[in-house]
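Structural description and commentary
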Amino acid sequence: MGLSEYIETLNLLGDESRIRLCVLLRERELRVTDLVRVTGIAQSRVSTHLGRLREAGFVRDRRQGPQSFYTLAVDTLPGTAKALLDDATRSADPTLEGDQRRLQELDAERRGGLPESFAGEMEKHYSPGRTWQSLAAGVAALLRLGDVLDVGSGDGAAAATLAPYCRSLTCIDSSSRMIESAKERFSARPHVRAQVADVHDLPFPDASFDSVLVFHTLTYAEHPPQVLAECARVLRPGGRVVILSLDAHQQREVTAPYGERHPGFSPADIRAMLTRVRLDVVVSDIACREAKKPHFQVVLAIADKPTPGPSRSAKRV
């Protein structure tokens, strides 16, 4: 190897990122997305570094459909480069060790296991099939529900998770188009009915339902207290109403285009409305907070209708 080749090799491997990529590609093929995941280097930079390494003959690539796989061209590497990468691999450098650890975690995910680093924060990480939708389906399977009313059901998307576990399910919404979609969704379930109705004046006799769902309906209703009064009226003694609502917020410019009339309700607001219609509030609190800005929060409220007899005090949290 001539002097110019020594200098070219040293210049090429004089960048920390390129050494990290070469060490990772010594033993196996990896995609750009794998290298980004393991190193944390931006995809554009990884692609640029791989391009330079490939031009110099340090790296080979192989196409498989839309994917490109890269590996180190060990058999044609200059001796100086081999020696340098050998030393780097044997070193106890924390950056290179971190890359190897994250590569092992990536392998574990693909084998169907979960990396130990997920412990304590699994809700922040994705793995195939482990979604909030699948969790909701699993939790719903534990339920044995009676007659359920979904107030402001939309097209029945949320109610569909509960439908198999209800004795009967009634979906109401003010939109005829939504109700037509709900009817189509539940066409194979004779115990489910969907109808257009005013949430402020429910077309059902008193004490008709064991459970009433009010999922993200209050912020769209013209008179939320009246909606809850109607829910309390059609609820059977000992029955339960469950509410999901946006917490009070200052981002009306975000929610108004969706048709919302009210900028959310605080847990105290919802507790007060439920108390006024003589329901025993079990809980009214923040249930979750969105990760993306503006970080909307959702209130979960649960309230029971007292049974006849001596008054009872509900557990409040």
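Calculation criteria
Residues numbered from 1 in each chain as written. Predicted model: local features only at pLDDT ≥ 70, side-chain atom pairs only at ≥ 80, totals over all residues. Heavy atoms only, no water. Helix = DSSP H or I, 4+ residues; strand = E, 2+ residues; numbered from the N terminus. Contact = heavy atoms within 4.5 Å. Areas by Shrake-Rupley, 256 points an atom, 1.4 Å probe, with all protein chains shown as cover. Axes fitted to C-alpha atoms, helices over the stretch in contact; angles between N-to-C directions. Parallel < 35°, antiparallel > 145°, perpendicular 65-115°, else oblique. Nonpolar A, V, L, I, M, F, W, Y, C, P; charged D, E, K, R; others polar. Phe/Tyr/Trp six-rings, centres within 6.5 Å; stacked < 30°, edge-to-face > 60°. Buried < 20%, exposed > 50% of the residue type's maximum accessible area, 1.4 Å probe, protein only. Pairing = 2+ DSSP bridges.

All right, on to the overall build of the protein chain then. Within the protein chain, the regular secondary structure consists of twelve helices and nine strands. Within the protein chain, contacts between residues at least 6 apart in sequence are counted, and of these 59% link residues at least 24 apart. Here the protein chain has roughly 17800 Å² of accessible surface; of this, 52% comes from carbon and sulfur atoms.

Below, the discussion takes up the packing of helix H2 (residues 16–24) against helix H5 (residues 79–90). At a minimum axis separation of 10 Å, H2 and H5 run at an interaxial angle of 80°. As judged from the angle between their axes, H2 and H5 are roughly perpendicular. The residues of H5 that touch H2, namely those facing Ile-19, Cys-22 and Val-23, are Leu-84, Leu-85, Ala-88 and Thr-89. Classifying every residue of the contact of H2 with H5 by side-chain character gives six nonpolar, one polar and no charged.

Summed over the entire model, instances satisfying the criterion amount to one aromatic pair. Pairing Phe-204 with Phe-209 gives two aromatic rings, centres 5.2 Å apart and planes at 85°, and the pair type is edge-to-face. Overall, the relative accessible area of 8% leaves Phe-204 in the buried class. Judged by its relative accessible area of 3%, Phe-209 is buried.

On to the sheet that holds strand E6 (residues 209–215). Overall, mixed pairing links the seven strands, which are arranged E5-E4-E3-E6-E7-E9-E8 in an open sheet. A single partner strand is all that each edge strand has here, and the edge strands are strand E5 (192–196) and strand E8 (280–289). Adjacent strand axes in the sheet meet at a mean angle of 15°, parallel and antiparallel pairs treated alike. As paired strands, strand E3 (residues 145–151) and strand E4 (residues 166–173) are joined by six bridges and run parallel to one another. Of the residues in E4, the one forming a bridge with Asp-147 is Ser-168. Contacts between helix H9 (residues 176–185) and the sheet are confined to E4 and E5, with E5 contributing the most and set at about 165° to the helix. Helix-sheet contacts for helix H10 (residues 224–234) involve E3, E6 and strand E7 (235–246), and the interaxial angle to E7 is about 150°.

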